[in-house]
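Here are the chains, one letter per residue:
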Amino acid sequence: MTTTAVTHIASLVTNDPSLGNGTPLGLIHDAAVVIDGDRIVWTGESSKAPATDNVLDAAGRAVIPGFVDSHSHLVFAGDRTEEFNARMSGQPYRAGGIRTTVAATRAASDDDLSANVARYLAEALRQGTTTFETKSGYGLTVEDEARALRIAGRHTDEVTYLGAHIVSPDYADDPAGYVDLVTGPMLGACAPHARWIDVFCEQGAFDGDQARAILTAGRAKGLHPRVHANQLSYGPGVQLAVELDAASADHCTHLTDADVDALAQGNTVATLLPGAEFSTRAEWPDARRLLDAGATVALSTDCNPGSSFTSSVPFCIALAVRDMGMTPDEAVWAATAGGAAALRRTDVGRITPGARADLVLLDAPSHVHLAYRPGVPLVSAVWRRGERVV
């Protein structure tokens, strides 16, 4: 293996307070990073960097960890342009729009679905995303959900079974029968291909009792819970997520004080998805309230064809700072270390010895520019597992 040093970094975000200035970002100024194979082996002041086989001069630009996008829905076909246009013309967002994507996804070939995943992942990589989670949920039959997970598994290890996205149109008159399918034959076919199980606990999707049954069945098969919680209305999703030690409760738009307290006292990460609020003109999640209570917050894109058709984590960072009460430091941490926490990972989301060598070089002197210059393509280079890929 060859070693590479990235030197003369104006501002290095390590997400390790012990390495830097004592803040959660662990900032080091005039810094260097040394990569050996697929791992970080050294970080510190540029003047103290050890000798390496290769050297890249960052020339006074910033380096941050690769973004960890812990919530996406990329195994789909078609788009929902007409629905988006109608929504921007005044119609409200409802979960039922998912059925349009279900029909298109069922009709698509495996090759077309896999090519679609690859397309959006390449798009995300160019914007600095080096780790991502993605879900099934647009098949809603045993065969289609299992093939979605097989396809997702070609592209990432962070694969989530979301047979409980909505009640399948095939079971419109028998939601209890669909829950039996999701917790029975569908789960049996899907569990070998997934790490996680998720459920959309929401009016128009699954209630608290149904969600508990689905997540409990998944856990018995070795899948760890995640929950689409409290997006469209107040409900039991967040409390259920904490009760079942879900890795994350995602959306968290409508929270009671008890919900916030539960997140602050438990191990469940509150994953906020501002692209969804942007695209649906909905109320913004109150990140400030969660952070001040002591909850762990992640930021993710929720990339999907209906309610958040963006793969850009920098865009979500800018929204979180502008409209959700986060500071630039908090938003960058949430999109890197926060995303890693939402996936219960310690090897990504930070730049510290032993971590995976996932780095983003910004065409800017500070990570603050991600919010300061919204919409500007600031990602200059990306390393994933030690290999420069952008």
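The shown structure was predicted, so the numbers you read here are calculated from the model rather than taken from an experiment. (Residues numbered from 1 in each chain as written. Predicted model: local features only at pLDDT ≥ 70, side-chain atom pairs only at ≥ 80, totals over all residues. Heavy atoms only, no water.)

**Brief notes about the overall build of the chain**
Helix and strand content of the chain: 14 helices and 17 strands. In terms of overall dimensions, the chain is globule-like: its C-alpha atoms have a radius of gyration of 21 Å, near the 21 Å expected for 390 residues. Based on the C-alpha atoms only, the size of the chain along its principal axes is roughly 70 × 45 × 45 Å. For the chain, the proportion of its 390 residues judged to be buried stands at 57%. Contacts in the chain between residues at least 24 apart in sequence constitute 69% of all its contacts with a sequence separation of at least 6. (Helix = DSSP H or I, 4+ residues; strand = E, 2+ residues; numbered from the N terminus. Rg over C-alpha atoms; globule rule 2.2 N^0.38 Å. Buried < 20%, exposed > 50% of the residue type's maximum accessible area, 1.4 Å probe, protein only. Contact = heavy atoms within 4.5 Å.)

**Things to note about the packing of aromatic side chains**
In this description, an aromatic ring pair is defined by two values, namely the gap between the centres and the angle between the planes. Per the counting criterion, the structure on display carries 7 aromatic pairs. Ring centres of Phe-76 and Phe-309 lie 5.9 Å apart, and the angle between their planes is 75 degrees; on these two criteria the pair is classed as edge-to-face. With Phe-76 in the loop between strand E6 (67-69) and helix H1 (81-88) and Phe-309 in the loop between strand E14 (297-299) and helix H12 (313-323), this pair connects stretches of sequence that are 233 residues apart. An aromatic cluster is defined as three or more aromatic residues linked by ring pairs; in this entry it consists of Phe-76, Tyr-120, Tyr-138 and Phe-309. The ring of Trp-196 is capped by Arg-226, whose NZ or CZ atom sits 4.4 Å from the centre of that ring. (Phe/Tyr/Trp six-rings, centres within 6.5 Å; stacked < 30°, edge-to-face > 60°. Lys NZ or Arg CZ within 6 Å of the ring centre and 35° of its normal.)

**Points about the pairing of strand E5 (residues 62-65)**
Here is the key point about a regular strand: its side chains alternate between the two faces of the sheet. As paired elements, strand E1 (residues 3-12) and E5 share 2 bridges and run parallel to each other. Counted as the bridge partner of Leu-12 is Val-63 from E5. Bridging between E5 and strand E15 (residues 359-362) involves 3 bridges; their strand directions are antiparallel. The residue bridging Val-63 from the neighbouring strand is Leu-361, located in E15. (Pairing = 2+ DSSP bridges.)

The quantities given are spatial measurements derived from coordinates; they are silent on function.
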